[in-house]
Amino acid sequence: QVQLVESGGGLVQAGGSLRLSCAASGRTFSRRAMGWFRQAPGKEREFVAGISWSGGSTDYADSVKGRFTISRDNAKNTVYLQMNSLKPEDTAVYYCAADGDYFSSPASRQNEYKYWGQGTQVTVSS
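Calculation notes
Residues numbered from 1 in each chain as written. Predicted model: local features only at pLDDT ≥ 70, side-chain atom pairs only at ≥ 80, totals over all residues. Heavy atoms only, no water. Helix = DSSP H or I, 4+ residues; strand = E, 2+ residues; numbered from the N terminus. Rg over C-alpha atoms; globule rule 2.2 N^0.38 Å. Buried < 20%, exposed > 50% of the residue type's maximum accessible area, 1.4 Å probe, protein only. Contact = heavy atoms within 4.5 Å. Areas by Shrake-Rupley, 256 points an atom, 1.4 Å probe, with all protein chains shown as cover. Lys, Arg positive; Asp, Glu negative; His and termini not counted. Charge placed at Lys NZ, Arg CZ, Asp CG, Glu CD. Phe/Tyr/Trp six-rings, centres within 6.5 Å; stacked < 30°, edge-to-face > 60°.

J.: Tell me about the overall build of the protein, residues and numbers included.
T.: Within the protein, the regular secondary structure consists of zero helices and 11 strands. Counted from the first residue to the last, the protein has its helices and strands arranged as β-β-β-β-β-β-β-β-β-β-β. Here the C-alpha radius of gyration of the protein, 13 Å, is about what a compact globule of 126 residues would show, namely 14 Å. Over its C-alpha atoms, taken along the principal directions, the protein stretches across nearly 40 × 25 × 25 Å. Buried residues in the protein amount to 46% of all 126 residues. Across the protein, the fraction of contacts at a sequence separation of at least 24, relative to all contacts at a separation of at least 6, is 60%. Carbon and sulfur atoms make up 43% of the accessible area of the protein, which totals about 6300 Å². Across the protein, the centroid of the 14 positively charged side chains sits 6 Å from that of the 11 negatively charged ones.

Laid out in structure tokens, this is it:
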């Protein structure tokens, strides 16, 4: 069982930066790929970024490439999402998720992920 708790959300002006963190409980974090997803009001939840269990492979949605960076610290059981050059369209609830399998590559499909956090709100003002 893995429990995930996101933090770091908030209100920021367009062009600003935020760093989200996702702290995981349990002993299997270091074996699992992790992902960040987001859901804007009235929209479906969408993939933002993913990272392999080792951190050696990452994947990004086209909409955030070059602006967002996903990373992880397995010693701290934490995954991060550094968000730069934020835009109003980045406004959403951001969720982190843990892969249901071990030693996987980062996945963009939601059904690859078994464990989900409660989400943290990110609001970007224009």
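So, next bit.
J.: Describe the packing of aromatic side chains, listing the residues and the values that go with them.
T.: Under the defined criterion, the tally for this structure stands at six aromatic pairs. Centroid distance Phe37 to Tyr113: 5.2 Å. Interplanar angle 80°. Geometry classified as edge-to-face. You can see Phe37 sitting in strand 4 (residues 34–39) and its partner Tyr113 sitting in strand 10 (residues 113–116), a full 76 residues away along the chain. With relative accessibility at 0%, the residue Phe37 sits in the buried group.

J.: Hey, could you go over the environment of Ala92 for me, with residue numbers and the actual values?
T.: Among the structural elements, Ala92 can be located in strand 9 (residues 92–99). Ala92 sits in the buried class, given a relative accessible area of 2%. Taking the C-alpha atoms as reference, Ala92 lies 8.8 Å from Val124; in sequence the two are 32 residues apart. If sequence neighbours within four positions are ignored, Ala92 has contacts with Arg38, Gln39, Ala40, Thr120, Gln121 and Val122.

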